[in-house]
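# Architecture at a glance
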Amino acid sequence: MISRSTNPDSDAAPRVGVFLCRCGDGIEAVLDLSGLAEEAARMPGVVRVQVDAYPCAGRGLVSLKEAVKTHGIDRVVVAGCTPRTHRPGFRRVLKEMGIHPAGFEMVNLREHCAWAHRQGGPPVQEKARDLLRMGVARSLAWKPSDLSGKPVVRTAAVIGAGISGITAAGALAARGFHVFLLEKEDQAGGLLGKLGTLYPSGKDPAVQVQKKLAAIRRNPGVDLRTGTSIDRIERTHTGYRLYLESGGNGAEALDVSLVLLATGARPLAPSELAGWESPGVVSLLDLEGMLREGTLEARHVVMVLCAGARCDRRPYCARFCCMAAVKNARLLREHDPACAVTVLYRDLSVNCMNPRDIKDALSEGVRFVRFDPAVPPRPRGNAAVFRSADGTEDEISCDLVVPVTPMVPLDETRRLAGMIGLPADAHGFVVERQVKLKPEWPVIPGAAVAGSAHWPCSASEAARQAMEAAAGMARWLDEAADAPEAVRAAVDIRRCIGCGLCADVCPFNAAALTTVDNEQKAFIAAAACRGCGICSAGCPALAITLQNHTDAQLRAQIRALSADKGISAHER
């Protein structure tokens, strides 16, 4: 059912219903509600006035619904308690009845009058009357927006087909999305498929990745595209447009509602570390490959933790390096009990592992030696040279030196995040809205990040983040599509001069420029707009208006307040 108030083209006069709440005796003990009802009945546009004990529940709510139906009411003003707790419930009820939820206004007589001025008296009664007048005037000045409540297409792009991207694509498809899973490399699976063994299960990661990929390929809701790079990303009215390059077949434009960045990260190569160019140096990833293929032949292996990490250039801890080193040290001993394994460490983090694993490694013959972080270890010929924690210079002869390097972000991640509007930290990892209060919540609505593109993480953490991101994005899109009462900005292109200031200042990447009749004009992606009003306040042409918080509504409230007080209300 569509009421008059949901039709922007309707010429019918608004019909306002005013419902005053006694709130038990919390309001009526201070205010004369009968007098307020008489005042409201004389206000323009008001066709019904009622006083109930509790219009928000029970018989009061039933009476409100009956009055709306009987009198053809299309705008409702409730004068009672705080809108913070009760406005969502009233709007939900009106929406179920076919009334546009944004046509609801709530006047706070309890906190602003009855509780603030318990002494009562004519001045308090006059304040309540003014608040009620302003509420009715605001309701009359409201005009429905054709931007609100538009259906959105449930499509999503997941960039990166590693463990986090694969997991997110499956989760979004299970929620009814058509998902484009985009992978730059020719093979999907990411870094996980190159590992030798998963911790702590001991399973073959390549087998696990192939199982997940097989399920993705069978899923009709997922379109997996490998060998596909992204040239650029633009904001659109309904989400994002991705311009793809695939196998020299030319550019393709892909429109989606959501974008999830799961590009991962890469391990820092030993060749990128000064002084680690020795032929006896292999990366931890290479070591895992040797163990997997059974080609490792070494009598003594030295692993160096924090190689290239926790230094001036990369001050962060990569979190799961210690776990990876301990895992491979134990696998080395299992592969060849005669092979000596030494782990040089500055300290050991148990972020991603059980502390018992270190004890088990010790019992299995793995040697742990602490070094002085002021003088990090380095390779020299067939040996690792370091300063021990007690300050003495030491040297360990070995066949292989394995620097355990941190994960570093991809340049591609920073580039794509910038086009989407997601901020990156000084290292290049994509950051969340508030690391303590809202971990893993993105700054930009409609976009999210998961896996090591966010921060170095284990495979299980990457999968968990992907599930959380998929659930959060799906919930956000459903709420955005089902919230016509939301405060959003809208552009009057007749006034817009195409300066682009709104796009520069919008903190949510909701404002952008497009071409209309060969002219640059601004537009607002309604689903991404959070109603902060920065674009509206900054627009030099006054072309942007906040829906449901318009200048016309504000002026109507001012006129209602000043009508009988001898105050001249100047138009803007």
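Residues numbered from 1 in each chain as written. Predicted model: local features only at pLDDT ≥ 70, side-chain atom pairs only at ≥ 80, totals over all residues. Heavy atoms only, no water.

Pairing is parallel in the open sheet, where 5 strands are placed in the order S7-S6-S5-S11-S21. The open sheet has two free edges, formed respectively by strand S7 (222-225) and strand S21 (447-449), since each of these has just one partner strand. The average undirected angle you get between the axes of adjacent strands in this sheet is 15 degrees. Across 3 bridges, the pairing between strand S11 (residues 258-261) and S21 is parallel. (Pairing = 2+ DSSP bridges. Helix = DSSP H or I, 4+ residues; strand = E, 2+ residues; numbered from the N terminus. Axes fitted to C-alpha atoms, helices over the stretch in contact; angles between N-to-C directions.)

Orientation of helix H1 (residues 33-41) relative to helix H5 (residues 122-141), taken along the N-to-C sense of each, is 35 degrees, at an axis distance of 10 Å. Relative to H5, the crossing made by H1 is right-handed. Contacts from Leu36, Glu39 and Ala40 in H1 reach Gln125, Ala128, Arg129, Leu132 and Arg133 in H5. Considering only residue class, the contact of H1 with H5 consists of 4 nonpolar, 1 polar and 3 charged. (Left-handed = near helix turned anticlockwise from the far one by under 90°. Contact = heavy atoms within 4.5 Å. Nonpolar A, V, L, I, M, F, W, Y, C, P; charged D, E, K, R; others polar.)

Tallied over the full model, the rule gives 5 aromatic pairs. Ring pairs connect the aromatic residues Tyr316, Phe429 and Trp455, which therefore count as one cluster. The ring of Tyr240 has Arg235 lying over it, and the distance from NZ or CZ to the ring centre is 4.1 Å. (Phe/Tyr/Trp six-rings, centres within 6.5 Å; stacked < 30°, edge-to-face > 60°. Lys NZ or Arg CZ within 6 Å of the ring centre and 35° of its normal.)

Bringing unusual backbone geometry into the picture now. Phi is positive for Cys306, which is not a glycine, with a value near 60 degrees. Owing to a relative accessible area of 17%, Cys306 belongs among the buried residues under this scheme. Backbone geometry at Arg310 places phi at a positive 55 degrees, although glycine is not the residue there. Structurally, Arg310 is set in the loop between strand S13 (300-304) and helix H9 (321-335). A relative accessible area of 28% places Arg310 in the partly exposed class. (Buried < 20%, exposed > 50% of the residue type's maximum accessible area, 1.4 Å probe, protein only.)

On the surface, Leu501, Val505 and Ile534 cluster together into a nonpolar patch covering about 200 Å² of accessible area. Mapped onto the secondary structure, Ile534 falls in helix H14 (residues 534-538). (Patch = residues over 30% accessible without salt bridge, like charges linked within 9 Å, V, L, I, M, F, W, Y side chains within 5 Å. Areas by Shrake-Rupley, 256 points an atom, 1.4 Å probe, with all protein chains shown as cover. Salt bridge = Lys/Arg side-chain N within 4 Å of Asp/Glu carboxyl O.)

Take the sheet that holds strand S10 (residues 251-256) next. Strand pairs in the sheet, formed through backbone hydrogen bonds, run parallel or antiparallel to each other. Spatially, 3 strands are ordered S8-S9-S10 in an open sheet, and the strand pairing comes out antiparallel. The strands lining the two open edges of the sheet, one partner per strand, are strand S8 (228-236) and S10. Averaged over all adjacent pairs, the angle separating strand axes in this sheet is 25 degrees, with direction ignored. In this sheet, strand S9 (residues 239-246) lies alongside S8 in antiparallel orientation, the contact comprising 8 bridges. Within the sheet, the bridge partner assigned to Thr228 lies in S9 and is Ser246. Seen against the sheet, helix H11 (residues 411-420) touches S8 and S9 and runs at an angle of roughly 20 degrees to S8.

What follows is about the environment of Asp360. Here Asp360 lies in helix H10 (residues 356-363). A relative accessible area of 25% places Asp360 in the partly exposed class. Distance in space between the C-alpha atoms of Asp360 and Arg330 is 8.5 Å, their sequence separation being 30 residues.

This structure, assessed with the given rule, holds 26 salt bridges. Put simply, Arg380 and Glu395 hold a salt bridge, and the shortest N to O gap is 2.6 Å. Within this pair, whereas Arg380 is found in the loop between strand S16 (378-379) and strand S17 (383-387), its partner Glu395 is found in strand S18 (residues 393-397), the two being separated by 15 residues in sequence. We classify Glu395 as partly exposed; its relative accessible area is 42%. Overlapping salt bridges bring together Glu126, Arg129 and Asp130 as one network.

Okay, the nonpolar core next. In this structure, Leu287, Met303, Leu332, Leu344 and Phe368 are the most contacted members of the largest nonpolar core, which totals 52 residues. By residue number, the principal contributor to this core is H9, which donates 8 residues. Excluding anything up to four places from it in sequence, Leu332 contacts Leu287, Leu291, Leu296, Val301, Met303 and Val341. Listed in part, the 35 residues of the second largest apolar core include Leu181, Val209, Leu258 and Met473. (Core = buried A, V, L, I, M, F, W, Y, C linked by side-chain atoms within 4.5 Å.)

What follows is about the confidence of the model for the chain. Detailed reading of the predicted coordinates is not advisable wherever pLDDT is low. For the chain, per-residue confidence averages 88 on the pLDDT scale, and 92% of positions sit at 70 or higher. Mean pLDDT per element in the chain: helix H12 (residues 459-481) is the minimum at 86, and strand S6 (residues 178-182) is the maximum at 97. The model gives residues 146-150 a pLDDT under 50, and that stretch makes 11 contacts with residues more than four places away or in other chains. (pLDDT = per-residue confidence, 0-100.)

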